[in-house]
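The lines below spell out each chain.
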Amino acid sequence: MIEKVQGRIWRHGELQDDFNLGMVSDCIDDNDLLVWADLVNPSHEALTELASELDLNTFAVEDALAAAERVKATSYPTHKFITVYAVDVDPDAGEPQRGDAIHTHRISMFIKHNALITVRLSDEFDMNQVLERWDQMGGQQHGVGALTHGLLDVVVDGHFDAVQELDDSIEDLESLLFDERRRGSELQQRTYQLRKDLVALRRVVMPMREVVSMIQRSRLENKAPSELDPNFTDLYDHVLRATEWTESLRDMITSLFETNLSLQDARLNTVMKKLTGWAAIIAVPTAVTGFYGQNVPFPGFDHSGGFITSSIIIVVTVTTLYLVFKRREWL
């Protein structure tokens, strides 16, 4: 049972009107044809049956249906198997208590001769943007390599959008670091969530270098037409840029986290100085009134002049300490 099936067939680069999944095995050996089939949430039995017809590796089939699988590219004797993750970004990224901003969609690819078979576990990824990219490139006449490049190009563009979104969110946090009106707990929550999102993005971006490298090596080994070489070179450059950008964001979020902790320590020291200053101010009248409250004779004892003297001492000493502490910015 397969939830959804779609596909296309090209003959000499011209799109054909008819397609069904049963035609894939019949078109594999026809060099004039180019085939793409997309399977959404296929059952193990359905994919195994198709794999048997196309001579696909059973381990690759298991990986395509596994609940969790890392980004990778594997070359088998009869075909190549690639797993990548497309990325969507929550438009409310950076808001507190919003949950994860990064949403990944796994796409598995079987590449065999003139056929590209994509397997997705859900229909959340919009495949229409891949079809538009293929039509814009007009490279179907260059074989399955053009289809592979178009799909990977869309995936890598999504990685760039995600990195840009996280970069903007980190810049927003940097501007809030010195905002005294912001609560420290809110800033900590947003910093931690961004760090979590960045880890999730890095997990799918970093291995893309190996995926594109494997495809380039295979093209050279199989002596594929050179028309697509500049395209894959540009794609590899984009992958490197996304990887380097992700690494720089990792350093930025670490610096942001450490700076936030340092500012909290500095604010705590400021609060402690203020409390110490007020405690010193309060201690003076307490000491003076306590001294004058002793039941022993002294100048001014039991006279109104003593009260006036003690009051003057309190006011002068407290004012002096306040001015001294204020000048040193302890209050």
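From a predicted model like this one, the values you see are computed outputs, not experimental measurements.

Across its full length, the chain carries nine helices and seven strands. Taking all 331 residues of the chain together, 43% fall into the buried category. Considering only residue pairs separated by 6 or more positions, the chain has 65% of its internal contacts joining residues 24 or more positions apart. Carbon and sulfur atoms provide 52% of the accessible area of the chain, an area that totals close to 18000 Å².

Bringing the side chain of Asp153 into the picture now. When you line up the elements, Asp153 lands in helix 5 (residues 144–176). With relative accessibility at 12%, the residue Asp153 sits in the buried group. Leave out the neighbours within four places in its chain, and Asp153 touches Arg133, Leu235 and His238.

Let's shift gears to the packing of aromatic side chains. Using the criterion set out here, one finds five aromatic pairs in the structure. An angle of 50 degrees between the planes, with centres 5.0 Å apart, marks the rings of Phe81 and Phe110 as tilted. In this pair, Phe81 is assigned in strand 5 (residues 80–89) and Phe110 in strand 6 (residues 102–112), connecting sequence segments 29 residues apart. Of the residues examined, Phe81 reaches a relative accessible area of 0% and is grouped as buried. Of the residues examined, Phe110 reaches a relative accessible area of 1% and is grouped as buried.

Topologically, His105 is positioned in strand 6. Once the C-alpha coordinates of His105 and Phe125 are considered, the two residues, 20 residues apart in sequence, prove to be 6.2 Å apart. Residue contacts for His105: discarding those within four places in its chain leaves Val84, Tyr85, Ala86, Asp88, Glu124 and Phe125. A polar contact is formed between the side chain of His105 and the side chain of Asp88, at a distance of 2.7 Å.

Moving on, we come to the packing of helix 2 (residues 44–54) against helix 3 (residues 58–65). The angle between the axes and the distance between the axes are what describe a pair of packed helices. Relative to each other, helix 2 and helix 3 sit at 150 degrees, their axes nearing to 10 Å. Relative to helix 3, the crossing made by helix 2 is right-handed. Listed contacts from helix 3 to His44, Leu47, Thr48 and Ala51 of helix 2 are Val61, Glu62, Ala64 and Leu65. When its residues are assigned to classes, the contact of helix 2 with helix 3 shows five nonpolar, two polar and one charged.

For the second largest pocket, the calculated volume is near 180 Å³. Around the second largest pocket sit Glu69, Arg70, Val71, Tyr85, Ile102, His103, Thr104, Ala200, Arg203, Val204 and Pro207, which together line it. Those elements that provide at least two residues to the lining of the second largest pocket are strand 6 and helix 6 (184–205). For the lining of the second largest pocket, a count of residues per class yields six nonpolar, two polar and three charged.

In this section: the pattern of salt bridges. Here the structure, examined in full by the defined rule, presents ten salt bridges. Here Lys72 ties to Asp63 by a salt bridge, and the two come within 2.6 Å at their closest N and O atoms. An identical accessibility class is assigned to Lys72 and Asp63; each is buried. Because the salt bridges share partners, they merge into one network encompassing Lys4, Asp38, Arg120 and Asp123.

With a phi close to 50 degrees, Asn41 is a non-glycine residue in the positive phi region. Within the fold, Asn41 resides in strand 3 (residues 33–42). The class of Asn41 is partly exposed, set by a relative accessible area of 35%. A positive phi angle is found at His113, which is not glycine, with a value near 50 degrees.

Bringing helix 3 into the picture now. Taken together, the buried positions of helix 3 are occupied by Ala60, Val61, Asp63 and Ala64. One side of helix 3 holds all its buried residues, which, seen down the axis, span an arc of 160 degrees. Residues Thr58 and Phe59 are exposed on helix 3 and point more than 90 degrees away from its buried face. Two or three places before Phe59, at the start of helix 3, stands the capping residue Asn57, its side-chain oxygen 2.8 Å from that residue's backbone nitrogen.

Definitions and limits used
- Residues numbered from 1 in each chain as written.
- Predicted model: local features only at pLDDT ≥ 70, side-chain atom pairs only at ≥ 80, totals over all residues.
- Heavy atoms only, no water.
- Helix = DSSP H or I, 4+ residues; strand = E, 2+ residues; numbered from the N terminus.
- Buried < 20%, exposed > 50% of the residue type's maximum accessible area, 1.4 Å probe, protein only.
- Contact = heavy atoms within 4.5 Å.
- Areas by Shrake-Rupley, 256 points an atom, 1.4 Å probe, with all protein chains shown as cover.
- Phe/Tyr/Trp six-rings, centres within 6.5 Å; stacked < 30°, edge-to-face > 60°.
- Polar contact = N/O pair within 3.5 Å; in protein donor to acceptor, adjacent residues only side chain to side chain.
- Axes fitted to C-alpha atoms, helices over the stretch in contact; angles between N-to-C directions.
- Left-handed = near helix turned anticlockwise from the far one by under 90°.
- Nonpolar A, V, L, I, M, F, W, Y, C, P; charged D, E, K, R; others polar.
- 1 Å grid on protein atoms, 1.4 Å probe; cavity = no way out; pocket = protein on both sides within 12 Å on 5 of 7 lines; lining within 4 Å.
- Points joined across faces, edges and corners; volume = space filled by probe spheres on them.
- Salt bridge = Lys/Arg side-chain N within 4 Å of Asp/Glu carboxyl O.
- Arc of directions from axis to C-beta.

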